[in-house]
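Residue-level listing of the chains:
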Amino acid sequence: VFTNEGDAWAVRKASVEALGEIRDTRAVDSLVNTLGDQYATVREASVLALGKIGSNQAILPLLETLDTSSLWALRVAAANALGTIRDRRATPPLSRALRDRYAAVREAAAGALGKLGDPDAVDPLINALDDPNGNVQEAVLHALDTLSEDLPQQTYQRIQMAINKRRRALI
């Protein structure tokens, strides 16, 4: 039970979460509007709900969130949502996010790129094999492994050579 107007953000957050659970594409416009909410928790819930709905209609607002949000948690949520939606327009922004200053964003971007299945993600992912964070390296390896399943043999071999080179460097 909410007792004062200060709790209104919690009502908005709960509403946004419910819309995400319903997964009705008619909610996309409303959820996009809440990406401008003054409370970060509401904005994050909106990004997560848009990812659950999975509508391509949400791509551009999610890309903007990934590119412009000053909050790393929102960039992580946007990367995850973009990976769920699997629209290849997200490849360039997610590739840039592999160089984010926060490891959690880089890890989410790598995971999302693996889900997109876009061969254009191979080179940025190979470059990210040298990331100083072990979790990011694991996410990159997993993404490359996932991508290599659907790529031409020549690209698959290039990925394997890069992975083997990275493993030798660790020994």
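Note that the structure is predicted; figures quoted are calculated from it, not measured. (Residues numbered from 1 in each chain as written. Predicted model: local features only at pLDDT ≥ 70, side-chain atom pairs only at ≥ 80, totals over all residues. Heavy atoms only, no water.)

## Focus: helix H3 (residues 40-53)
- Its 14 residues place the ends of H3 20 Å apart at the C-alpha level, agreeing with the 20 Å of an ideal helix rising 1.5 Å per residue.
- The complete set of buried residues in H3 reads Val 42, Arg 43, Ala 45, Ser 46, Val 47, Ala 49, Leu 50, Gly 51 and Ile 53.
- Residues of H3 that are buried in the fold lie against helix H1 (8-22), helix H2 (28-34), helix H4 (59-68) and helix H5 (72-85).
- In the segment just after H3, Gly 54 is the residue with positive phi, at about 75°. (Helix = DSSP H or I, 4+ residues; strand = E, 2+ residues; numbered from the N terminus. Expected span 1.5 Å × (residues − 1). Buried < 20%, exposed > 50% of the residue type's maximum accessible area, 1.4 Å probe, protein only. Contact = heavy atoms within 4.5 Å.)

## Comments concerning the confidence of the model for the protein chain
- Mean pLDDT for the protein chain: 92, with 96% of residues reaching 70 or above.
- Predicted confidence in the protein chain is weakest over helix H10 (residues 153-170), with a mean pLDDT of 86, and strongest over helix H6 (residues 91-97), with 98. (pLDDT = per-residue confidence, 0-100.)

## As for the environment of Asp 145
- Structurally, Asp 145 is set in helix H9 (residues 134-148).
- For the pair Asp 145 and Gln 160, spaced 15 residues apart in the sequence, the C-alpha separation amounts to 8.8 Å.

## Quick look at H1
- Compared with an ideal rise of 1.5 Å per residue, which puts 15 residues at 21 Å, H1 spans 21 Å between its outermost C-alpha atoms and is within 8% of the ideal.
- For H1, the full list of buried residues reads Ala 10, Val 16 and Gly 20. Projected onto a plane normal to the axis of H1, the buried residues spread over an arc of 125° and lie on a single side.
- On its buried side, H1 packs onto H2 and H3.
- Arg 23 sits one or two residues past H1 and shows a positive phi near 60°. (Arc of directions from axis to C-beta.)

## Remarks on the pattern of salt bridges
- Summed over the entire model, instances satisfying the criterion amount to 10 salt bridges.
- Lys 52 is the partner of Glu 21 in a salt bridge, and the nearest nitrogen-oxygen pair spans 2.3 Å. Note that Glu 21 is positioned in helix H1 and Lys 52 in helix H3, a separation of 31 residues in sequence.
- On the basis of relative accessible area, Lys 52 is assigned to the partly exposed category, the value being 36%.
- The salt bridge involving Arg 106 is made with Asp 131; its shortest N-O contact spans 2.6 Å. Of this pair, Arg 106 sits in helix H7 (residues 103-116) while Asp 131 sits in the loop between helix H8 (122-128) and H9, placing them 25 residues apart in sequence. Across this residue pair, the class does not change: Arg 106 and Asp 131 are buried. (Salt bridge = Lys/Arg side-chain N within 4 Å of Asp/Glu carboxyl O.)

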